[in-house]
Amino acid sequence: MSDEIPSRNFGTPSVETAPSSRRRLVAITAIAGALLVAVVVLLMILMTRGTSDPVSAPGLSTRPTPGPISSPSDAPLASSAPLANPPPLPSSPPGDAPQALTPSFSSFSAPAEESGCSTGGPSFAPTAPGVKVSWATTGAVEVWFVVGNSDAADSRFMQLPLAGTQDDFPYPGDFGCSRDSVDYTLTLVGAGGEHVHKRWTVINTGDKF
């Protein structure tokens, strides 16, 4: 009896490579097609929403990118150089020139009678009162006084301040006790040379001497 064990030829198992490769190719193609379809659909959705109401996609920000902020120093400065030929200023018509005020008396006071004239007596000497008057003016540049009815400014007898009383006389102005009445004149002189007069009469009710 022989000890030989009959050998079997197992050989190299055959691998069916063609069907397996075909299945993988089909799977890859299907996945790629699905992805392509998904991308196309997503793009269509984004384009549609972008034309009507922009909605930010997940992970994307729709906040506008801030532009550069200009500071006041970036603004162009106006030129401070003087104009070569500045326009002439409008001149006022001759009728708009300020007119000089006509001189006038804003106040005046003087007594109509004088009773202070006295011839005196055994125990006192005769008395002759002085002129009593007060005045104030507007628009005048000079004030003049004279006894009588003449133009006091033309007589140049006594110049007075623009406002005052008999106490402002540069020297005493005595009342004429020898007369029944005495006339006086104040004359104002305006800036334009015009003369305005104030005349009054004081009656002597005292003694005459």
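Predicted, not measured: the structure shown is a model, and the values here were computed from it. (Residues numbered from 1 in each chain as written. Predicted model: local features only at pLDDT ≥ 70, side-chain atom pairs only at ≥ 80, totals over all residues. Heavy atoms only, no water.)

1. Some remarks on the state of the cysteines
And then number 1: Overall, the coordinates contain 1 disulfide when judged by the stated rule.
And then number 2: Linked covalently through their sulfurs, Cys-117 and Cys-177 form a disulfide whose S-S length is 2.0 Å. Because the sign of the S-S torsion sets the handedness, a value of about -80° for the bond joining Cys-117 and Cys-177 places this disulfide among the left-handed ones. In this pair, Cys-117 sits in the loop between β2 (113–114) and β3 (134–138) while Cys-177 sits in the loop between β6 (163–165) and β7 (181–190), placing the two residues 60 residues apart along the sequence. One exposure class covers both Cys-117 and Cys-177, and it is buried. (Disulfide = S-S within 2.5 Å. Helix = DSSP H or I, 4+ residues; strand = E, 2+ residues; numbered from the N terminus. Buried < 20%, exposed > 50% of the residue type's maximum accessible area, 1.4 Å probe, protein only.)

2. Re the sheet that holds β6
And then number 1: Read from one edge to the other, the open sheet built from 3 strands follows the order β1-β3-β6, with strand pairing classed as antiparallel. With one partner strand each, in any of the chains shown, β1 (104–109) and β6 form the two edges of the open sheet. Within this sheet the neighbouring strands show an average axis-to-axis angle of 10°, counted without direction.
And then number 2: Bridge count between β3 and β6: 3 bridges; the pairing is antiparallel. (Pairing = 2+ DSSP bridges. Axes fitted to C-alpha atoms, helices over the stretch in contact; angles between N-to-C directions.)

3. As for the pairing of strand β4 (residues 140–147)
And then number 1: Direction of pairing for β4 relative to β7: antiparallel, over a ladder of 7 bridges. The residue of β7 that forms the bridge with Phe-145 is Leu-186.
And then number 2: Bridge count between β4 and strand β5 (residues 158–160): 3 bridges; the pairing is antiparallel. Paired with Phe-145 across the bridge in β5 is Met-158.

4. Considering the sheet that holds β5
And then number 1: An order of β2-β8-β7-β4-β5 is seen for the 5 strands of this open sheet, with the pairing classed as mixed. Of all strands in the sheet, those bounded by a partner on one side alone are β2 and β5.

5. Re the packing of aromatic side chains
And then number 1: Within this structure, the stated rule accounts for 8 aromatic pairs.
And then number 2: The interplanar angle of 45° and the centroid separation of 6.4 Å between the aromatic rings of Trp-135 and Phe-169 together place this pair among those described as tilted. Of this pair, Trp-135 sits in strand β3 while Phe-169 sits in the loop between β6 and β7, and the two are 34 residues apart along the sequence.
And then number 3: The buried category is assigned to Phe-169, whose relative accessible area is 10%.
And then number 4: With a centroid separation of 5.8 Å and an interplanar angle of 20°, the aromatic rings of Phe-145 and Tyr-184 are classed as stacked. Highlighted residues: Phe-145 in strand β4 and Tyr-184 in strand β7, separated in sequence by 39 residues.
And then number 5: One aromatic cluster in this structure is built from Phe-105, Phe-108, Trp-135, Phe-145, Phe-157, Phe-169, Tyr-171, Tyr-184 and Trp-200. (Phe/Tyr/Trp six-rings, centres within 6.5 Å; stacked < 30°, edge-to-face > 60°.)

6. Section: the confidence of the model for the protein
And then number 1: On average, the protein scores 79 in pLDDT, and the residues at 70 or more come to 67%.
And then number 2: Model confidence for the protein, summarised as mean pLDDT per element, is weakest for helix α1 (residues 17–52) at 79 and strongest for β3 at 98.
And then number 3: Residue range residues 54–60 is modelled with pLDDT below 50. Its contacts to residues more than four positions away, or to other chains, number 5 contacts. (pLDDT = per-residue confidence, 0-100. Contact = heavy atoms within 4.5 Å.)

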